[in-house]
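# Descriptive analysis of the structure
Okay, here's what each chain looks like letter by letter:
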Amino acid sequence: MYDLIILGGGPAGTAAAVYAARKQLKTAIITSEFGGQSVVSETIYNWIGTPEISGNQLGSNLKTHILYYKGPFLDIIEDEKVKEINKIIDVFLIKTESGKSYESKTVIVATGSGRRKLEAINADIFEHKGITYCASCDGPMFADQDVLVIGGGNAAFETSMQLLAYCKSVTLFHRSNEFRADEITVKKVLENPKFKAITNAEILRVDGEQFVSSLTYKDKITGTEITLPTTGIFVEIGQIPNTDFMKGIVEIDTIGKIVVDPMTQASSTPGIWAAGDCTNGRYHQNNIATGDAVKALEDTYIWIHKNK
Ligand SMILES: Cc1cc2nc3c(=O)[nH]c(=O)nc-3n(C[C@H](O)[C@H](O)[C@H](O)COP(=O)(O)OP(=O)(O)OC[C@H]3O[C@@H](n4cnc5c(N)ncnc54)[C@H](O)[C@@H]3O)c2cc1C
């Protein structure tokens, strides 16, 4: 039986594993792969302490850091997807897709999330070729260009605000005529003369040769199809947390994020913590995920010692 099982090997899971091994908790980390979501990024500019690093290199560094602690206090279970977790009296039983099961006194869930993808013709083909899902990562590459943002919530408006600082123009497309973002943010963005919002828009297709050159949408009121030239499309239509297997075990919000106490990262179920993109924390970035995980681990450590 483990003291702690960490689920997920992205930045959050890695941070929790390193801290757990150093505190000599008997720990296992189970992950489908190492590195997390940003491994696909060509360059990451905000991983603190490293001015520029490729996503691949960051992923590989995270794995190296975990392997450094492999030993009596840390088991590494890779290429395994967790499919079920149950609480049996005071023990958590974790089952993986390959049919194995593991027992632990505590669990830190760090299974992250995936971006909700744009469903339009050619959207998959132009991903990373003009279509991007991360303005903080890729935005500056589009300085002085006319870019488009898809979405109508806070993420879409905050992305627009970021892009307005250096892009020539930002046009936001929203599928209905009511924005879901905070009014104050919407007002601020709408006041910018470089910004334009197009509502009741259904995105139909993206075109280009090697890179994006235009987007076609349908005006849902008139039925007209309109094509706009652009080099950059920023998609902010939500995230899908990897938490299906946690349903019924901990409190989960309406979009599937694990509800945590922001002071400790504790979930609604004693003995389970969560960190990073799978939680209902307001902001999600690599540095935040690692910080959340360290907080979760510190609290787990105290809990284990109190419940010995
Ligand atoms: C394209 C892109 C670029 C980005 N660029 C930046 C950037 O430049 N700077 C920045 O700070 N942030 C960036 N982000 C955001 C950043 O990647 C996330 O905030 C961060 O990865 C969250 O870390 P995490 O550990 O919570 O989750 P994730 O990174 O999502 O890691 C989750 C891990 O859990 C594993 N997993 C998932 N489900 C299961 C399961 N059922 N069983 C076992 N394992 C499972 C996955 O394989 C993965 O290893 C970017 C995101 C994307 C999508």
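Preceding this section is the structure that the text describes.
Let me sum up the structure you'll find in this document. Since we're looking at a predicted model, the values are computed, not measured.

So, on to the overall build of the chain. Secondary structure summary: the chain contains 6 helices and 17 strands in total. Against the compact-globule benchmark of 19 Å for 308 residues, the chain has a radius of gyration of 21 Å, which places it among compact chains. Overall size of the chain, expressed as C-alpha extent along the three principal axes, is 65 × 35 × 35 Å. Scored against the burial criterion, the 308 residues of the chain give a buried share of 49%. Summarising the internal contacts of the chain: among those between residues at least 6 apart in sequence, 58% fall at separations of at least 24. Split by element, the accessible area of the chain, about 15400 Å² in all, is 51% carbon and sulfur. Mean positive and mean negative side-chain charge positions of the chain (31 and 37 charges, respectively) differ by 3 Å.

With that settled, the discussion passes to the nonpolar core. Formed by 27 residues in total, the largest nonpolar core has its most connected members in Leu4, Ile6, Ile29, Ile66, Leu74 and Ile108. When residues of this core are traced back to their parent elements, those giving at least two are β1 (2-9), α1 (11-22), β2 (27-34), β3 (74-78) and α6 (286-306). The element that contributes the greatest number of residues to this core is α1, accounting for 7 residues. Not counting residues up to four positions away in its chain, the partners in contact with Ile6 are Gly13, Ala16, Ala17, Thr27, Ala28, Ile29, Ile30 and Ile108. Membership of the second largest hydrophobic core comes to 22 residues, among which are Ile5, Val107, Met246 and Cys278.

Before going further, it helps to spend a moment on the sheet that holds strand β8 (residues 131-132). Neighbouring strands of a sheet are bound in pairs by backbone hydrogen bonds; such pairs are parallel or else antiparallel. Pairing is parallel across the open sheet formed by 5 strands, whose spatial order is β8-β15-β9-β10-β11. In the strand order of this sheet, the two ends are held by β8 and β11 (195-198), each with one partner. Examined bridge by bridge, β8 and strand β15 (residues 232-235) share 2 bridges and lie parallel to one another. In the strand pairing of β15, Thr132 is matched with Phe234.

Mapped onto the elements of the fold, Ser267 is located in the loop between β16 (239-241) and β17 (272-274). For Ser267, a relative accessible area of 12% corresponds to the buried category. One polar contact links the side chain of Ser267 to the main-chain carbonyl oxygen of Ile272, over a distance of 2.8 Å. In this structure Ser267 touches Val250, Ile258, Val259, Ile272 and Trp273, once residues within four positions along its chain are discounted.

Take the site of the ligand next. The environment of the ligand is formed by 33 residues, the closest being Glu33, Gln37, Asn46, Val82 and Cys137. Within the backbone of Asp277, an N or O atom sits 2.9 Å from an oxygen atom of the ligand. In the complex, the protein chains occlude 94% of the 1000 Å² of accessible area that the ligand would expose alone. Top element by residues in the shell around the ligand is β2. It accounts for 4 residues. Classifying every residue of the shell around the ligand by side-chain character gives 11 nonpolar, 18 polar and 4 charged.

What follows is about the pattern of salt bridges. Applying the stated criterion across every chain yields a total of 10 salt bridges. A salt bridge links Lys105 to Asp3, with the nearest nitrogen and oxygen atoms 3.0 Å apart. Taken together, the residues Lys105 in strand β6 (residues 101-109) and Asp3 in strand β1 connect sequence positions 102 residues apart. For the salt bridge of Glu236 with Arg115, the shortest nitrogen-to-oxygen distance reads 3.7 Å. Taken as a pair, Glu236 in the loop between β15 and β16 and Arg115 in strand β7 (residues 113-115) lie far apart in primary sequence, 121 residues in all. Residue classification places Arg115 among the partly exposed residues on the basis of a relative accessible area of 25%.

Rules and cut-offs
Within each chain, residue numbers correspond to sequence positions counted from 1 in written order. For this predicted model, a pLDDT threshold of at least 70 governs which residues receive local features, and a threshold of 80 or more governs which side-chain atom pairs are given and counted, while totals over whole chains, interfaces and linings are taken from all residues. Based on all heavy atoms of the structure, the side-chain values leave hydrogens and waters out of the count. What counts as a helix is a DSSP run of H or I of at least four residues, what counts as a strand is a run of E of at least two, and both are numbered from the N terminus. Just to be clear, the radius of gyration here is over C-alpha atoms, and the globule rule we use is 2.2 Å times residues to the power 0.38. Here the term buried applies to any residue with accessible area under 20% of the maximum for its type, exposed to any over 50%, and partly exposed to those in between, with areas from a 1.4 Å probe on protein chains only. By definition, residues are in contact when any of their heavy atoms lie within 4.5 Å. Surface exposure here means Shrake-Rupley accessible area, sampled with a 1.4 Å probe, where a residue is shielded only by the protein chains that are shown. Charge counting follows a simple rule: Lys and Arg are positive, Asp and Glu are negative, and His as well as the terminal groups are ignored. By convention, the point assigned to a charge is CZ for Arg, NZ for Lys, CD for Glu and CG for Asp. As used in this record, nonpolar core signifies buried Ala, Val, Leu, Ile, Met, Phe, Trp, Tyr and Cys residues forming a set joined through side-chain atoms within 4.5 Å. Pairing between strands requires that DSSP locate at least two bridges from one strand to the other. Any pair of N or O atoms that falls within 3.5 Å is considered a polar contact. Within protein, one atom must be able to donate a hydrogen and the other to accept it, and sequence-neighbouring residues count only if both atoms are side-chain atoms. Any residue with a heavy atom positioned within 4 Å of a molecule or strand is treated as near that molecule or strand. By the convention adopted, Pro, Cys, Tyr, Trp, Phe, Met, Ile, Leu, Val and Ala count as nonpolar, Lys, Arg, Asp and Glu as charged, and the other residues, Gly among them, as polar. Definition used for salt bridges: Asp or Glu carboxyl oxygen within 4 Å of a side-chain nitrogen of Lys or Arg.

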